[in-house]
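Summary of the model geometry
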Amino acid sequence: MKNEEKLIIYQVFTRLFGNNNSGCINNGDIHTNGCGKMADFTPKALKEIKKLGTTHIWYTGVIEHATQTDYSAYHIHPDHPAIVKGKAGSPYAIKDYYDIDPDIATRVPERMKEFEQLVARTHKAGLKVIIDFVPNHVARQYHSDAQPDGTVELGANDDMTCSFSPYNNFYYIPQSELRGQFDMKAGADEAYKEYPAKATGNNRFDAYPNISDWYETIKLNYGVDYQNGGTCSFSPIPDTWLKMLDILLFWSSKQVDAFRCDMAEMVPVEFWEWAIPQVKEAYPHLLFIAEVYNPDEYHNYLQRGRFDYLYDKVGLYDTLRNVSCGYDSATAITRSWQNLGGIEKRMLNFLENHDEQRIASDFFVGNPYKAIPALIVSACMNTNPMMIYFGQEFGEMGMDTEGFSGRDGRTTIFDYWSVDTIRRWRNEGTFDGKLLTKEQKSIYALYRTILTIASQEKAITQGLFFDLMYANQNGWRFNEHKQYTFLRKYNNELLFIAVNFDNQPVDVAINIPSHAFDFLQIPQMDVYKATDLLTGKVEEICLLPYKATEFSIGTHGGKILKIKL
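So, here is what we can say about the structure in this document. (Residues numbered from 1 in each chain as written. Predicted model: local features only at pLDDT ≥ 70, side-chain atom pairs only at ≥ 80, totals over all residues. Heavy atoms only, no water.)

Things to note about the overall build of the protein
What counts is decided by this rule: Each helix is a run of DSSP H or I of at least 4 residues and each strand a run of E of at least 2, with the numbering of both proceeding from the N terminus. Using C-alpha atoms as the atom set, the radius of gyration is obtained and then compared with a globule rule of 2.2 Å times the number of residues to the power 0.38. Buried means the residue's accessible area, taken with a 1.4 Å probe over protein chains only, is under 20% of the maximum for its type, while exposed means over 50%, and partly exposed covers the values in between.
Secondary structure summary: the protein contains 14 helices and 24 strands in total. Against the globule reference of 24 Å for 565 residues, the protein gives a C-alpha radius of gyration of 25 Å, in line with a compact fold. In terms of principal-axis extent, the alpha carbons of the protein reach across some 80 × 55 × 40 Å. Looking at the 565 residues of the protein, the share that counts as buried comes to 59%.

Structure below.
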């Protein structure tokens, strides 16, 4: 990766993207509700995705996972419905690390070839490919029908009489049958049987997982004996480490550009320290992005674990959500980046992903325009990556009742479904915009403008950052609880950025402290011509340490003023 490239990631749930069915029914199967395919990512589709300023596509849910759809005709072992969440199944209950999910293939026997073609099409469109690596857990009935020659399947040589052994791939509850605290039949003729029971994916080391657990998954053993004080057995190298490295190298050989590593902090950092350098030795440009939620572990997983980027969920995401909803002051944004202690450039920013509620849902702000200030801050305040979730750019509400996933403000990852805004945008693959509403077109235009600015303006992709909030406390024409402002600078280009989280337009007067002029080397002048990159309009402003800079900001709006010094 070149230092001057700012990653703009477009996360897309692969099986939902191309589903044209506008009449999906609750809990419908694949025959009733349909399913999108890898082939739906046509050159035209990829071109349209790239127009958002996108540099990378995260194809979520491409590796084969547990499902209630029967593919036994293709020599894929069927899954018991009691341990599959939803008709389609969770993409994080991996059933075969070496295979592609048959749901998303046009021709099931050629699913790997279709994936390779998808990677090639994506690269040809000038985009890079991210896929999931799910290292902590697998589906309860994990079985690889595509296991490469010379490799051994997970659990094949486990000693099931031991609750823990560094030579085992799984954790066991010896002499105990799984007694799940949920419906163990789920419509099947016989209840699901597992003996001896295996530990459940969310570190549940008994035979009684309940509906709140990740009951459809089993925990992988990286040599940590959790039930005996977390004792680590890392020498010799645990068998699971070797098998997972093989899996990483397998997918790296398919020319993917990055791995988003699911629940990376549930896997010991020593594994990442050992594995990532080996993968990068063979594939130097590969990126590793970690889903990590514990700030105390951030430095550990970056420095020791060798990750390139980490999720900024409990910091910036939570802060911007609270500010957008009116639960917190905009001054919290400053505290959020300061708490990172210098690793801001290594954090992945986002306002939506498959785990979080949609901005426009009743559970977030209920109106996509209200999050535009948060989008500007998230995308423009640093050089680090920015991610959006498909449909976010149209104000997708995520308020459907799909099946296993109820009406929770999220787009389902468990069910066969169709996403309304994406279906309208695609319009049978034409992308002509004819089915989009006026509001959807308006939101899209804002996203495209903001993300393109974030990906192309050198002051954002490479420049310095200066937070102006400390000089604007208790100002009579600046409400630090509802507005946030900062500067970005590269060479002779200055971006003066301010956003308004309030539900009314404001005329602001923003103080620029002397230190900002010294730090950014800004010549002081009474009059500068400034172009608002969001609208193209030109206005005159002053840049002086003893006189406030005045301009107006619209309701739930922002200004990105570009000044040539």
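Section: the packing of helix α10 (residues 372-380) against helix α12 (residues 438-456)
The test is simple: Axes here refer to lines fitted to C-alpha atoms; in helices the fit is confined to the stretch in contact. Angles between the N-to-C directions go from 0 to 180 degrees. Note on angle classes: values under 35 degrees are labelled roughly parallel, values over 145 roughly antiparallel, values of 65 to 115 roughly perpendicular, and the remainder oblique. Take the far helix as your reference; a near helix turned counterclockwise from it by less than a right angle gives a left-handed crossing, and one turned clockwise gives a right-handed crossing. In this analysis, two residues are considered to be in contact whenever any of their non-hydrogen atoms come within 4.5 Å of each other. The classification used treats Ala, Val, Leu, Ile, Met, Phe, Trp, Tyr, Cys and Pro as nonpolar, Asp, Glu, Lys and Arg as charged, and all other residues, Gly among them, as polar.
At a minimum axis separation of 9 Å, α10 and α12 run at an interaxial angle of 20°. Comparing the axis directions of α10 and α12 gives the class roughly parallel. Considering the relative orientation of α10 and α12, their crossing is right-handed. Side by side, α10 and α12 meet where Ile372, Leu375, Ile376, Ala379 and Cys380 of the first sit next to Leu446, Tyr447, Ile450, Leu451 and Ala454 of the second. A class-by-class count of the residues in the contact of α10 with α12 yields 10 nonpolar, no polar and no charged.

Here we look at unusual backbone geometry
In the segment running from Tyr195 into Pro196, the intervening peptide bond is cis, with an omega of -10°. Residue Pro236 is reached from Ser235 by a cis peptide bond, and omega for that bond is 0°. Topologically, Pro236 is positioned in the loop between β11 (231-232) and α5 (239-252). Despite not being glycine, Asn27 has its phi angle at roughly 65°, a positive value. On the basis of relative accessible area, Asn27 is assigned to the partly exposed category, the value being 34%. Although it is not a glycine, Gln175 adopts a positive phi angle of roughly 60°. Mapped onto the elements, Gln175 comes out in the loop between β7 (172-173) and β8 (197-198).

Focus on the side chain of Asp467
Worth spelling out the cut-off: When charges are counted, Lys and Arg are positive and Asp and Glu negative, with His and the chain ends excluded. For this document, the term salt bridge refers to a Lys or Arg side-chain nitrogen within 4 Å of an Asp or Glu carboxyl oxygen. Each polar contact in these results corresponds to two N or O atoms within 3.5 Å; when the atoms are within protein, one needs to be able to donate a hydrogen and the other to accept it, and residues that are neighboring in sequence are counted only if both atoms are side-chain atoms.
On the secondary structure map, Asp467 appears in strand β17 (residues 464-467). The buried charged residue Asp467 lacks any salt bridge partner; its closest oppositely charged side chain belongs to Arg335, at an N-O distance of 10 Å. A polar atom in the side chain of Asp467 sits 2.8 Å from the side chain of Thr334. Among the polar contacts made by the side chain of Asp467, one reaches the side chain of Trp337 at a distance of 2.7 Å.

Points about helix α3 (residues 43-50)
Convention followed: Note that the arc is defined by the directions from the helix axis to the C-beta atoms.
Every buried residue of α3 is listed here: Ala45, Leu46, Glu48 and Ile49. Buried residues in α3, looked at end-on, bunch into an arc of 160°, giving them a common side. The exposed residues of α3 that point more than 90 degrees off its buried face are Pro43 and Lys47.

A few points about the sheet that holds strand β2 (residues 56-60)
Stated formally: DSSP-based pairing: two strands are paired if at least 2 bridges between them are found.
Read around the closed barrel, 8 strands run β1-β2-β5-β12-β13-β14-β15-β16, paired in parallel fashion. Strand after strand, the sheet turns through a mean of 30° between neighbouring axes, direction not considered. Sheet analysis places strand β1 (residues 8-13) next to β2, joined by 5 bridges and oriented parallel. Looking across to β2, one finds that Gln11 is bridged to Trp58. Sheet strands in contact with helix α4 (residues 111-124) are β2 and β5 (128-133), and its direction is about 140° off that of β5.

Observations concerning the sheet that holds strand β18 (residues 483-490)
The strand order β17-β18-β19-β24-β21-β22 describes an open sheet built from 6 strands, whose pairing is antiparallel. The sheet is open, and its two borders are formed by β17 and β22 (538-543), each paired with just one other strand. Adjacent strand axes in the sheet meet at a mean angle of 30°, parallel and antiparallel pairs treated alike.

A short note on the pattern of salt bridges
The full count for this structure, using the stated rule, is 30 salt bridges. Residues Glu48 and Lys51 are paired through a salt bridge, measuring 3.0 Å at the closest nitrogen-oxygen approach. Residue classification places Lys51 among the partly exposed residues on the basis of a relative accessible area of 30%. Residue Glu493 pairs with Lys562 through a salt bridge whose shortest N-O separation is 3.9 Å.

Examining the state of the cysteines
Threshold: For the purposes of this analysis, a disulfide is any pair of cysteine sulfur atoms at a distance within 2.5 Å.
This model, assessed by the stated rule, comprises 0 disulfides. We note that Cys35 lacks a disulfide partner, and the nearest cysteine sulfur, in Cys24, lies 10 Å from it.

Quick look at the packing of aromatic side chains
So the rule is basically this: For Phe, Tyr and Trp, where Trp contributes only its six-membered ring, two rings pair if their centres lie within 6.5 Å, and the inter-plane angle classes them as stacked under 30 degrees, edge-to-face over 60, or tilted in between.
For the structure on display, the rule yields 40 aromatic pairs. With centroids separated by 5.2 Å and ring planes inclined at 50°, the aromatic side chains of Phe394 and Trp425 adopt a geometry described as tilted. With Phe394 in the loop between β16 (386-389) and α11 (420-426) and Trp425 in helix α11, the pair connects residues that are 31 residues apart, well separated along the chain. The same class applies to Phe394 and to Trp425, which are both buried. Arranged with centres 5.0 Å apart and planes meeting at 80°, the rings of Trp425 and Phe431 form a pair that is edge-to-face. The two residues Trp425 and Phe431 agree in class, both being buried.

With respect to the nonpolar core
Across soluble globular proteins, you tend to see nonpolar side chains buried next to one another. Which entries qualify depends on this criterion: Nonpolar cores are built from buried Ala, Val, Leu, Ile, Met, Phe, Trp, Tyr and Cys residues. Side-chain atoms within 4.5 Å join them into one set.
Core analysis: the largest hydrophobic core is formed by 163 residues, its most contacted members being Tyr484 and Phe496. Leu178, Phe182, Met184 and Tyr215 belong to the second-largest nonpolar core, a separate cluster that totals 10 residues.

Thoughts on the packing of α5 against helix α6 (residues 269-282)
It is the contact of α5 with α6, at a shortest axis distance of 10 Å, that shows an interaxial angle of 35°. Handedness of the crossing formed by α5 with α6: right-handed. Within the contact between the two elements, α5 uses Trp241, Leu242, Met244, Leu245, Leu248, Leu249 and Ser252 and α6 uses Glu270, Phe271, Trp274, Ala275, Gln278 and Val279. Tallied by class, the residues present in the contact of α5 with α6 amount to 10 nonpolar, 2 polar and 1 charged.

What to know about the pairing of strand β12 (residues 258-261)
Heads up, the condition is: With its strands directed away from the observer, a crossover is right-handed exactly when the path from the first strand over the helix to the second travels clockwise.
Because side chains alternate across β12, one face comprises the buried residues Ala258 and Arg260, and the other comprises Phe259 and Cys261, equally buried. Across 4 bridges, β5 lies against β12 in parallel orientation. Bridging across to β12, Asp132 finds its partner in Arg260. With 4 bridges joining them, β12 and strand β13 (residues 287-290) adopt parallel strand pairing. Residue pairing across strands places Cys261 opposite Ala290, the latter belonging to β13. For the crossover that starts at β12, traverses α6 and ends in the parallel β13, the hand is right-handed.

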